[in-house]
Amino acid sequence: LETDAISLLSRSPTYMGMLCSQGIVNIQRLNSNEYNYVTCPKTITITNIGLGNPKNTAYVLAHESGHIIQCHGLEVTRDFYFERLWEREGYICSYPAGFSPPEDFAETIGIYVVWPGFITRSCGEVNYPAKYPLHYQFAKDNLFGGIEFK
């Protein structure tokens, strides 16, 4: 499942360039029911919650990889914070563990990659470009170099 998720993200050279700008990103598997997490600067830990089906695994890997980009302190992260999209459209409702700008950035990436057809526990299926058009456009233009995954 993780390999398929990596292949999906690899469709965007722009995104992969940002993600790997500090070197190889390590992905480790933890047999636990804890939340998935990142250890800066470049380790993603995927737990049992991060697996289950291909869309869920792609979502989790994309979301957590967004935190890796934040660890790198790249300009795209500063641009996202400057835009303050969460104040203009609200936080993306799909993240189950609370709302904050760093999680909104990661969620902007996670939902972008798996929309449409991804059902979230928090708010069902999100019509991403209709409900969060500024977030969607930011992801498309600034993170994925115009590539869409639908």
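Being a predicted model, the structure only gives us computed values, none of them experimental. (Residues numbered from 1 in each chain as written. Predicted model: local features only at pLDDT ≥ 70, side-chain atom pairs only at ≥ 80, totals over all residues. Heavy atoms only, no water.)

**Looking at the confidence of the model for the protein chain**
Any residue range with low pLDDT should be treated as having predicted coordinates unsuitable for detailed reading. Mean pLDDT over the protein chain: 93, with 100% of residues reaching 70 or higher. Averaged pLDDT values over the elements of the protein chain bottom out at 85 in strand E4 (residues 119-120) and peak at 98 in helix H8 (residues 133-143). (pLDDT = per-residue confidence, 0-100. Helix = DSSP H or I, 4+ residues; strand = E, 2+ residues; numbered from the N terminus.)

**Quick look at the state of the cysteines**
According to the stated counting rule, one finds two disulfides in the structure shown. One disulfide in the model links Cys-40 with Cys-71; its S-S distance is 1.8 Å. Handedness of the Cys-40-Cys-71 disulfide follows from its S-S torsion of about -60 degrees: it is left-handed. Remark: Cys-71 occurs in helix H3 (residues 54-72) and Cys-40 occurs in the loop between strand E2 (37-39) and strand E3 (43-46); sequence separation between them is 31 residues. Disulfide pairing places Cys-93 opposite Cys-123 at an S-S distance of 2.1 Å. (Disulfide = S-S within 2.5 Å.)

**Comments concerning the packing of aromatic side chains**
Following the criterion strictly, the structure yields 17 aromatic pairs and no others. With a centroid separation of 6.4 Å and an interplanar angle of 75 degrees, the aromatic rings of Tyr-112 and Tyr-128 are classed as edge-to-face. Taken together, the residues Tyr-112 in helix H6 (residues 101-114) and Tyr-128 in helix H7 (residues 128-131) connect sequence positions 16 residues apart. According to the relative accessible area criterion, Tyr-112 is buried, its value standing at 1%. Among the residues examined, Tyr-128 registers a relative accessible area of 0% and is labelled buried. An aromatic cluster is built from Tyr-15, Tyr-112, Trp-115, Tyr-128, Tyr-132, Tyr-136, Phe-144 and Phe-149, whose rings are joined through pairwise contacts. (Phe/Tyr/Trp six-rings, centres within 6.5 Å; stacked < 30°, edge-to-face > 60°. Buried < 20%, exposed > 50% of the residue type's maximum accessible area, 1.4 Å probe, protein only.)

**With respect to the sheet that holds E2**
Reading across the sheet, the three strands line up as E1-E3-E2 and stay open at both edges, with mixed pairing between neighbours. Both edges of this open sheet fall to strand E1 (26-29) and E2, since each of them pairs with a single strand only. Taken over all neighbouring pairs, the strand axes of this sheet differ in orientation by 25 degrees on average, direction set aside. The pairing of E1 with E3 spans four bridges and is parallel. Its bridge partner lying in E3, Ile-27 is registered against Ile-44. (Pairing = 2+ DSSP bridges. Axes fitted to C-alpha atoms, helices over the stretch in contact; angles between N-to-C directions.)

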